[in-house]
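Chain residues, written in single-letter form:
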Amino acid sequence: MLWIRIASGLVAIALALLMTVLGGWYFCLGIGALIYLGQLEYFELARAKGSAPAAKTTLVVSQVLLITCLLRPDLADAVFPVAGTFICFYLLFQPKLASIADISTSIMGLFYGGYLPSYWVRLRGLEQQATLPLGGFWPEQFRLTALPLGLQMTLLAFVCIWAADIGAYAVGKLFGRTRLSHISPKKTVEGAVFGVLGSLGVALWGAHSLGWPLPWLLGAIFGLMIGIASLLGDLTESMMKRDAGVKDSGQLIPGHGGILDRADSYVFTAPLVFYFVTLLLPFCHSFCNCFH
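Fair warning: this is a prediction, and the values are worked out from it, not measured in the lab.

**Focus on the environment of Ala229**
Mapped onto the elements of the fold, Ala229 is located in helix 8 (residues 215-244). For Ala229, a relative accessible area of 7% puts it in the buried group. Taking C-alpha positions, Ala229 is 16 Å from Tyr115, a pair spaced 114 residues apart along the chain. Residues within four places of Ala229 in sequence aside, it is in contact with Phe268, Thr269 and Leu272.

**Points about the pattern of salt bridges**
Close approach of charged atoms allows side chains of opposite charge to pair. The tally for this structure, following the rule as stated, stands at seven salt bridges. Close ionic contact of Asp234 with Lys187 constitutes a salt bridge, the shortest N to O distance being 3.4 Å. In this pair, Asp234 is assigned in helix 8 and Lys187 in strand 2 (residues 184-188), connecting sequence segments 47 residues apart. A relative accessible area of 17% means that Asp234 is categorised as buried.

**Describing the packing of aromatic side chains**
Across all of its chains, the model carries 19 aromatic pairs by this definition. Plain terms: the ring middles of Phe80 and Tyr115 are 4.2 Å apart, the flat faces sit at 20 degrees to each other, and that makes the pair stacked. Here Phe80 is found in helix 4 (residues 76-92), whereas its partner Tyr115 is found in helix 5 (residues 100-124), with 35 residues between them in sequence. Three or more aromatic residues joined by ring pairs make a cluster, and in this case those are Phe80, Phe111, Tyr115, Tyr119, Phe274 and Tyr275. Here the basic side chain of Arg122 rests over the ring of Phe274, its NZ or CZ set 5.0 Å away from the ring centre.

**Here we look at a nonpolar patch on the surface**
On the surface, Leu214, Leu217, Ile221, Phe283, Phe287 and Phe291 cluster together to form a nonpolar patch covering roughly 620 Å² of accessible area. With respect to the helices and strands, the residue Leu217 is situated in helix 8. Owing to a relative accessible area of 48%, Leu217 belongs among the partly exposed residues under this scheme.

**Concerning the confidence of the model for the protein chain**
Residues with a pLDDT of 70 or more make up 95% of the protein chain, whose mean pLDDT is 91. Helix 3 (residues 55-71) holds the highest mean pLDDT among the elements of the protein chain, 97, whereas helix 1 (residues 2-22) holds the lowest, 83.

Calculation rules
- Residues numbered from 1 in each chain as written.
- Predicted model: local features only at pLDDT ≥ 70, side-chain atom pairs only at ≥ 80, totals over all residues.
- Heavy atoms only, no water.
- Helix = DSSP H or I, 4+ residues; strand = E, 2+ residues; numbered from the N terminus.
- Buried < 20%, exposed > 50% of the residue type's maximum accessible area, 1.4 Å probe, protein only.
- Contact = heavy atoms within 4.5 Å.
- Salt bridge = Lys/Arg side-chain N within 4 Å of Asp/Glu carboxyl O.
- Phe/Tyr/Trp six-rings, centres within 6.5 Å; stacked < 30°, edge-to-face > 60°.
- Lys NZ or Arg CZ within 6 Å of the ring centre and 35° of its normal.
- Patch = residues over 30% accessible without salt bridge, like charges linked within 9 Å, V, L, I, M, F, W, Y side chains within 5 Å.
- Areas by Shrake-Rupley, 256 points an atom, 1.4 Å probe, with all protein chains shown as cover.
- pLDDT = per-residue confidence, 0-100.

The structure is reproduced here in structure tokens:
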């Protein structure tokens, strides 16, 4: 099982890197497929608790939201409340009276499964340089500083998440003794700490390599933010599985379980990274320029 887990993990990383580098519609369609499969798993968890969410409607409006993030990212935050309103209207006119749980699980499916992950498309689209059909990009040289901003930050964020996940899993398996939470009995304090430190180390390297202002401070903020958010995302998904009474959200990935089991670390990190890049980094650049 360990070798199956490693092999499927390497294939997933290779595909993720390819679609991330290409960007444009290639990245959008890849994220769209993950969102679709992840929402299917989420709605199965909701049904296991007796809810009857508006699954098909939520799946459709989530893809509309994702395409908006690619074509008109400035309108994405307007599409989200409109999509939520449409879901509520749909449930309102069903033959069977919808419950609070039906409405809540539907809106949560849109927010958790669609809106938050859509920030990856917005992030990857920053300063995109289309050199291929369908808005794709292929770099002339694979040097981090030579890549477009969106690709730089998406790759750095992904490597931070991978460092956090791999570090937490490896150290937790080998040296973990102290249980982190009753939500996920296999998670240990030792693994969690090492996972956050792994993300921190990668982020500090990235901050210096990319020439960020105040690299020690911003690198530490970036690494801790991703390390902690990915851990909380993992625990959130574990909480939903525990409530639904299942071990894995699905069986799509050999040795890993379902899409949500692998993508849970990416959900809450996406908007944090996006606003770090679009708000905090420019502010720090302006602040430091004032003293030069």
